[in-house]
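# A structural walkthrough
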Amino acid sequence: MINVLYVEASPRKVCSASIAAATVFLKALEAQWPKAIIDRLDLWNADLPEFDGALIAAKYARLSGRDFDANEEEAWQKIAALVARLSSADAVVIATPMWNFGIPYKLKHWVDLITQPSLSFNFDPETGYRPLLKPRPTLVILSSAGDYATGTSFGRPDLATPYLTAALAFIGLSGVTVETVAPMSGRTAAVDQARERARNRLELLAGHFLEPSS
Ligand SMILES: Cc1cc2nc3c(=O)[nH]c(=O)nc-3n(C[C@H](O)[C@H](O)[C@H](O)COP(=O)(O)O)c2cc1C
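Predicted model, so just to flag it, every value in this text is computed and none were measured. (Residues numbered from 1 in each chain as written. Predicted model: local features only at pLDDT ≥ 70, side-chain atom pairs only at ≥ 80, totals over all residues. Heavy atoms only, no water.)

### Some details on the overall build of the protein chain
Using the following cut-off: Put simply, DSSP H or I for four residues or longer makes a helix, DSSP E for two residues or longer makes a strand, and each gets a number counted from the N terminus. Burial here depends on accessible area, computed with a 1.4 Å probe over protein chains only, as a share of the maximum for the residue type. Under 20% is buried, over 50% is exposed, and the range in between is partly exposed. Should any heavy atoms of two residues lie within 4.5 Å, those residues are considered in contact. Using the Shrake-Rupley algorithm and a 1.4 Å probe, accessible areas are obtained, with residue cover drawn only from the displayed protein chains. Under the counting rule used here, the positive set is Lys and Arg, the negative set is Asp and Glu, and His together with the chain ends is not counted. Where a charge lies is defined by one atom per residue type, namely NZ (Lys), CZ (Arg), CG (Asp) and CD (Glu).
Counting secondary structure elements, the protein chain contains six helices and seven strands. Of the regular secondary structure in the protein chain, the N- to C-terminal order runs β-α-β-α-α-β-α-β-β-β-α-β-α. Along the three orthogonal principal directions, the C-alpha set of the protein chain runs to about 60 × 40 × 35 Å. The proportion of buried residues among the 214 residues of the protein chain is 45%. Of all intrachain contacts in the protein chain linking residues separated by at least 6 positions in sequence, the fraction that spans at least 24 positions is 76%. Accessible surface, the protein chain: about 11,100 Å² in total, of which carbon and sulfur atoms supply 54%. Placing the 21 positive and 23 negative side-chain charges of the protein chain at their respective mean positions leaves the two points 6 Å apart.

### A short note on the environment of P157
Within the element layout of this structure, P157 appears in the loop between β6 (138-143) and α5 (160-171). The exposure class of P157 is partly exposed, given its relative accessible area of 40%. When the C-alpha atoms of P157 and V4 are compared, they prove to be 30 Å apart, with 153 residues separating the residues in sequence.

### Regarding helix α3 (residues 70-87)
Defined as follows: Multiplying one less than the number of residues by 1.5 Å gives the expected span of a helix. The reported arc concerns the directions from the helix axis to the C-beta atoms and nothing else. Two N or O atoms count as a polar contact when they lie within 3.5 Å, although within protein this holds only if one can serve as hydrogen donor and the other as acceptor, and sequence-adjacent residues are included solely when both atoms are side-chain atoms.
In a regular helix each residue adds 1.5 Å, so 18 residues correspond to 26 Å; α3 covers 25 Å between its end C-alpha atoms and thus fits that length. Those residues of α3 lying buried are E72, A75, W76, I79, A80, L82, V83 and L86. All buried residues of α3 project into a common sector of 165° when viewed along the axis, lining one side. Looking at the buried positions of α3, the neighbouring elements they touch are β1 (2-8), α2 (53-64), β3 (91-97), α4 (105-114) and α5. Its side-chain oxygen 3.1 Å from the backbone nitrogen of N71, D69 forms the N-cap of α3.

### Topic: the packing of aromatic side chains
For clarity, the cut-off: Two rings from Phe, Tyr or Trp (for Trp, the six-membered ring) form a pair when their centres sit within 6.5 Å of each other. Planes less than 30 degrees apart are called stacked, planes more than 60 degrees apart edge-to-face, and all others tilted.
Per the stated rule, a full pass over the model turns up nine aromatic pairs. Centre to centre, the rings of F25 and F209 are 5.1 Å apart; their planes meet at 85°, and the pair counts as edge-to-face. In this pair, F25 sits in helix α1 (residues 17-32) while F209 sits in the segment after α6 (188-208), placing the two residues 184 residues apart along the sequence. Here the aromatic rings of W44 and Y105 are separated by 5.5 Å at their centres, their planes lie at 75°, and the arrangement is edge-to-face. In this pair, W44 is assigned in the loop between β2 (36-42) and α2 and Y105 in helix α4, connecting sequence segments 61 residues apart. Judged by its relative accessible area of 22%, W44 is partly exposed. Of the residues examined, Y105 reaches a relative accessible area of 54% and is grouped as exposed. A connected cluster of aromatic rings, assembled from ring pairs, spans F121, F123, Y129 and F170.

Any functional reading would require information that these geometric values do not contain.
If you want it as structure tokens, here you go:
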């Protein structure tokens, strides 16, 4: 059995470009690997705890080696479950739109929740930070109005790709593949071509995504 965590970050459930691309990819993946189980985490309908005072206190307690009080313990259990869901996945697929050069706040919320000392990374004053999760096939599907690869974004930066790549590597998910679906605005022909290009690339990638790397 292969467990694939699929994180869905677009709230547009009907005509989302990132979800459509992820659907193509996951269908191709299931055709290739019939035993794959897709664990869908829809960030807009998930119970994501607020990153509030109790949770921050718990994080700092863990960093300083202090025991939790009852509130901190309760807050910590919720995020430990979220990290366990990620940690138990054999592969990860994140489908997200670009929002204001970065990512939707729900995806940032999830990243903040799962990035925790002793659960997904460790800190040692002598040696620095050490990721605790094992690398595994990880794909980010990023859709955007502008095409940041070819320059039709008119000089605006893509901050989503470097942010997600660095944030995931920090907890151990290094070697992330980013597939873009862009441009999603402009001439219909260009948008259709971009969807088609992404579909083709994703179907190809699905063929070897879960193969052990040599
Ligand atoms: C709040 C918001 C902010 C956006 N910011 C950007 C942006 O900075 N750059 C860009 O190219 N597109 C931006 N877009 C457009 C989306 O990235 C684009 O429509 C994408 O394909 C949406 O993906 P989805 O259909 O999966 O939700 C933004 C859209 C929204 C709703």
